[in-house]
Amino acid sequence: MPMGSAEEKLETVESKEWYISAYASDGVPTSDHLKLRSASVSLAVDSIPDHHVAVETLWISIDPYLRATMTGTNDGLYFPQFNLNQVILAFGIARVIRSKDSKYSDGDIVLRAFLPVAEYSLLPCDLLTRKLDPASGIPFPDYLSSLGIPGFAAWVGIEVLGQPKSGSNVFVSAAAGGVGMFAGQLAKLKGCKVVGSTGSDDNVKLLKEEFGYDDAFNYNSEMSFDATLTKYFPNGIDVYLDNVGGKMLEAVLNHVNVHARIILCGMISQYNKVWTERDGVRNLLNMIGKEVKMEGFMIGSHMDRFADFTVEMESYIKEGKIRSKHVIYYGVESFLESLGSLFSSSNIGKVVIQVKAP
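Rules behind the numbers
- Residues numbered from 1 in each chain as written.
- Predicted model: local features only at pLDDT ≥ 70, side-chain atom pairs only at ≥ 80, totals over all residues.
- Heavy atoms only, no water.
- Core = buried A, V, L, I, M, F, W, Y, C linked by side-chain atoms within 4.5 Å.
- Buried < 20%, exposed > 50% of the residue type's maximum accessible area, 1.4 Å probe, protein only.
- Helix = DSSP H or I, 4+ residues; strand = E, 2+ residues; numbered from the N terminus.
- Contact = heavy atoms within 4.5 Å.
- Arc of directions from axis to C-beta.
- pLDDT = per-residue confidence, 0-100.
- Phe/Tyr/Trp six-rings, centres within 6.5 Å; stacked < 30°, edge-to-face > 60°.

1. Description of the nonpolar core
Note on soluble globular proteins: their nonpolar side chains tend to be buried together.
Then, number 1: Residues L34, M70, I88, I93 and F335 are the most contacted members of the largest nonpolar core, which totals 73 residues.
Then, number 2: The dominant element in this core, judged by the number of residues it contributes, is helix α2 (residues 149-162), at 9 residues.
Then, number 3: Those residues within four positions of I88 in sequence are excluded, and the remaining contacts are W18, Y19, I20, L34, M70, F82, L115, P116, V117 and F335.
Then, number 4: Counting residues in each nonpolar core, the second largest holds 20 residues, with Y232, V252, L253 and V256 among its members.

The following block contains the structure:
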């Protein structure tokens, strides 16, 4: 923001913000659960605590894990629940308007893991993840996708836990989503055969033509997942990155090779169900005979590898080896719509909101 602008001289701004008014135990959250309100935020220097900054939000990341923070129950992903009337927090990018910390200056662009879904806010500086360099050549949305939660989840799933070798048969579900599009590309960089499942024919085309998948299928067009996996994996599956759970996970267990690895990254087909209505998996016995390793993970447990991930992924991006696709919504008002879009079978790429132009 140019120095001396009218906005910078304001002492108080009205900020639209999203908060949770009721928990949604099942189904996609609606306006009955998430509401938009306006709040006054003081930008006066005396109103900003020491070691805090006043920021305006530029970008917000919309990720499936957010659904698990709105159920009011403690199961599944075991995320802490938002308190009722609390402003929603999400991964995001903001611009410093005023600073009470010597490490940050007006105009700095900052990344934060728990940014209020609001137009303006006051933030403690010790919780800011990093500064971003606008001259780096990396578009800001990439810091929320390939260099953010989805990219890191894909990297941990493939590089750290899946550990496929050159020639391994790798299967990725929800392959056109925020995590899946990077997981497949990372596996291809390791010399693997990669097949993905997705929810539309257009997404199948995208996976093969833009993200380098060897093959892909539209699960909505398949009568039997078991028959489909027989077709695409005649030599079995060595690594499966699971983003959907349910019936697809059950089908995969009929096609795993000896010592296969199943990495549980997410189960989006189950997020909108209470646990008694979620799909069970009937063939876990196959894991014993095939000596399969199935492992769930949370990226918070792997933050010691985030610097390694960042260096590797930034290199891939600059070399053109990793590509991203973003679905961009505009204005903080679009939060509810953008969150709901994650659960559409035609969801494609990484969903973000541009709150304000950089």
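2. Looking at helix α5 (residues 225-232)
Then, number 1: Every buried residue of α5 is accounted for by T228, L229 and Y232. Taken end-on, α5 shows its buried residues confined to a sector of 95°, consistent with a single buried face.
Then, number 2: Looking at the packing, one finds that the buried side of α5 touches β8 (169-172), β9 (193-198), β10 (215-218) and α6 (246-252).

3. Some points on the confidence of the model for the chain
Then, number 1: The share of residues in the chain with pLDDT of 70 or more is 97%, and the mean pLDDT across the chain is 92.
Then, number 2: Per-residue pLDDT stays below 50 along residues 1-8; that stretch engages in 13 contacts with residues further than four places along the chain or on separate chains.

4. Topic: the packing of aromatic side chains
Then, number 1: Applying the stated criterion to the full structure yields 11 aromatic pairs.
Then, number 2: Ring centres 5.8 Å apart and planes at 50° place the aromatic pair W18 and F335 in the tilted group. Residue W18 is located in strand β1 (residues 12-20), and its partner F335 is located in helix α9 (residues 335-341); the two are separated by 317 residues in the primary sequence. The two residues W18 and F335 agree in class, both being buried.
Then, number 3: Taken together, a centroid distance of 5.3 Å and an interplanar angle of 45° make the contact between Y65 and F79 tilted. Here Y65, found in the loop between β3 (52-62) and β4 (89-99), pairs with F79, found in the loop between β3 and β4; they are 14 residues apart in sequence, far enough to count as distant.

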